[in-house]
Amino acid sequence: MKNLILATLILAQPALADSDPFAELESELKHSKKSSKFEHFEDDMLEDFDRFKQSVDDDFDAFKKSVDNEFASLLQQSWQEFNAIKTSAPYTTPKPSTYPIAKKQEPLNNDELKHSPKVEIKAKPIQTATPPTKVMPKLEERKKKIQFHFFGESITLNYDRSLLFRFRSTNNESIGSVWKQLSESKYQTLESQMQDYIKALALNDWAKYLFIQQAGQTLYKNQNKANLFTWFMMVKMGYDLKVGYDKHDVYLLSAMQHSLYSVPFFNIDNARYYLLPNSVLENKALTNKALTNRALSKESRPIKRLHTYKGHYPDARQKLSFAIKTPLRIDNDIQRKALTFDFENRSYTVNATYSDTLVSFYNTLPQSDYRIYFDATNSRQINNSLLKGLSVHINGMTELEAVNFLLRFTQTAFKYKTDGDQFAYEKVMFPDETIHFPYSDCEDRSILFQTLVKSLLGLDVVGLKYSNHVATAVSLSHEVRGDSVNYKGKRYTVADPTYINANVGMTMPQYKKADFTVIE
């Protein structure tokens, strides 16, 4: 019986990390109504239960210790050297420095407008006047603590001195020793506090990784030790991370749920492990200021090969993801910008807000699959300012008018410049970044446009990826004239947010017969 419960606890370990599996049963026993007839029997049963619970806890602790010892032994065995492989660039040919402008804003077709339904605003802005309280972890004043700033948030964490491990040289024996030292330390309290912050700030995987990295850098004040700490904590949280080393440094490698661009990777056990930035964050990146124009995915010293290990820590199989499924709550330092444009011979101004700290966070992301940007959940600022401001104008329009209104906004409220000219490297922007930065290019506008159409009109939008350009296509509820594509049984009408003054259905002349792939 005990072996069965132990096996169940082992399988359920991640779900039970913050709870006592026996607590509810024990509470029921202790608070049940007593009778004189069964009082002694109940006391005996509680004592037996306590002994049984302690026995299972001891066995479970022994099992975890044996797993950690076996993994430490694996790490101290011979590691293999792997060669770094370069990832491909997102575009096969350079983007044009300028794009054509339609001769004039063509009036919309009256017959099509008659058949176009009135829009129903789909956006439901998140109310931020009285935001829910961020539940931060409880601290013990007498214990040692570290403090740092994380994208405008003041962080304080308790830690135990047993976490201050020794690391003498960059080799697998020392790394195996570090794992053993950390696994025998009192790391659980710190892990629990970090998890509380991660939940309170609604951090995604990448933000979680950065948070743990910054905690490690603050605790150890040494990049190699910070990387080893981050690796240990992320693995304990179930992520498929590895460490590698060369003559000088320790590096972090991660399996990813999606592709990265301009980031080297290593083929290990028939899987890609991407090289994560070694110096992830500068101090100014964690304050309210945006990062300077540099690619964090580029190391100052190119990494050509690393020593690392094969195999996994048990249950550490979760691949890292950049997906943003809930609004991140590191949206401090709010800025405002007025965006002006013309539509149908009338001028409009929309006031938008964005968070400088959120822009700083976005700027730490190495370039990833376009799906990450197309599918990202809107920030609270996008919902409460930009969507709200645009919805006032499109309310009462026909669907065709509204889509063209949003298209003209995206085409003309922002100045165009390629990433190479603005940043000196390829960068894909989230909508908040497009508002923040002075310039944007084709994929940035496509991401913003599809966000507006999906959020406000509830229409399906896909991206059209050409060799050096990105546009979009919208699935309208009625058929209109112009260029379109058929995808998965649906008709999508072309809408190019970079083709200035072009209406829905108009493709840039140079792409009318060009091949493309669809971004869902």
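Before reading further, recall that the structure is shown in the block above.
Cut-offs used in this document
Residues numbered from 1 in each chain as written. Predicted model: local features only at pLDDT ≥ 70, side-chain atom pairs only at ≥ 80, totals over all residues. Heavy atoms only, no water. Helix = DSSP H or I, 4+ residues; strand = E, 2+ residues; numbered from the N terminus. Contact = heavy atoms within 4.5 Å. Phe/Tyr/Trp six-rings, centres within 6.5 Å; stacked < 30°, edge-to-face > 60°. Buried < 20%, exposed > 50% of the residue type's maximum accessible area, 1.4 Å probe, protein only. Lys NZ or Arg CZ within 6 Å of the ring centre and 35° of its normal. Pairing = 2+ DSSP bridges. Expected span 1.5 Å × (residues − 1). Bend = angle between axes of the 7 residues up to and from the residue. Axes fitted to C-alpha atoms, helices over the stretch in contact; angles between N-to-C directions. Parallel < 35°, antiparallel > 145°, perpendicular 65-115°, else oblique. Left-handed = near helix turned anticlockwise from the far one by under 90°. Nonpolar A, V, L, I, M, F, W, Y, C, P; charged D, E, K, R; others polar. Polar contact = N/O pair within 3.5 Å; in protein donor to acceptor, adjacent residues only side chain to side chain.

(A) Quick look at the side chain of Thr353. Its location among the elements puts Thr353 in strand E10 (residues 346-355). The residues contacting Thr353, other than those within four sequence positions of it, are Ile334, Gln335, Arg336, Gln381 and Ser385.

(B) Broad picture of the packing of aromatic side chains. All told, the structure shown has 34 aromatic pairs when counted by the stated rule. Here the aromatic rings of Trp179 and Phe232 are separated by 4.8 Å at their centres, their planes lie at 65 degrees, and the arrangement is edge-to-face. Here the residue Trp179 occupies a position in helix H5 (residues 172-183), and Phe232 occupies one in helix H8 (residues 223-236), the gap between them amounting to 53 residues. Accessibility classification places Trp179 together with Phe232 in one group, the buried group. Consider the rings of Tyr348 and Phe405, whose centres lie 4.9 Å apart with planes at 90 degrees: the pair is edge-to-face. A residue pair is termed long-range when its members are at least 10 positions apart, and Tyr348 in strand E10 and Phe405 in helix H12 (residues 399-412) qualify at 57 residues. Linked through ring pairs, Phe71, Trp79, Trp179, Tyr187, Trp231, Phe232, Tyr245, Tyr309 and Tyr313 together constitute an aromatic cluster. Over the ring of Phe265 we find Arg272; its NZ or CZ atom is 3.9 Å from the centre of that ring. Here Lys417 stacks its cationic end above the ring of Tyr439, 4.1 Å away from the centre of that ring.

(C) Here's a closer look at the pairing of strand E3 (residues 153-159). Counting buried positions over the seven residues of E3 gives six, a clear majority of the element. Looking at chain direction, strand E2 (residues 144-150) and E3 are connected through seven bridges and run antiparallel. Paired with Lys145 across the bridge in E3 is Asn158. Two successive antiparallel strands, E2 and E3, enclose a turn made up of two residues, where Phe151 displays a positive phi of approximately 50 degrees.

(D) Structural context of the environment of Gly482. Along the chain, Gly482 turns up in the loop between strand E14 (470-474) and strand E15 (484-487). What makes Gly482 partly exposed here is its relative accessible area of 46%. For the pair formed by Gly482 and Val504, sequence separation is 22 residues and the distance between their alpha carbons is 7.4 Å.

(E) Broad picture of helix H15 (residues 442-457). For H15, which comprises 16 residues, the first-to-last C-alpha distance of 22 Å matches the rise-based estimate of 22 Å (1.5 Å per residue) to within 8%. Counting buried positions over the 16 residues of H15 gives 15, a clear majority of the element. Phi turns positive, to about 70 degrees, at Gly458, one or two residues after H15.

(F) Up close: helix H11 (residues 380-394). Between its first and last C-alpha atoms H11 spans 21 Å; for 15 residues at 1.5 Å apiece the expected length is 21 Å, and the two agree. Roughly 35 degrees is the biggest bend found in H11, and it falls at Leu387. Along H11, the residues classified as buried are Arg380, Gln381, Ile382, Asn383, Ser385, Leu386, Leu387, Leu390, Ser391 and Ile394. In the segment just after H11, Gly396 is the residue with positive phi, at about 95 degrees.

(G) Region of the structure containing the packing of H12 against H15. Following both chains from N to C, one finds H12 and H15 inclined at 150 degrees, their axes separated by 10 Å at the closest point. One way to sum up the angle between H12 and H15 is to call them roughly antiparallel. Here H12 and H15 pass one another in a crossing that is right-handed. Between H12 and H15, the residues in contact are Ala402, Val403, Leu406, Leu407, Phe409, Thr410 and Gln411 and Arg445, Leu448, Phe449, Leu452, Val453, Leu456 and Leu457, respectively. Class assignment for the residues of the contact of H12 with H15 results in eleven nonpolar, two polar and one charged.

(H) Region of interest: the side chain of Ser455. Mapping Ser455 onto the fold places it in helix H15. Judged by its relative accessible area of 16%, Ser455 is buried. Side-chain polar atoms of Ser455 contact the backbone oxygen of Thr451, separated by 2.7 Å.

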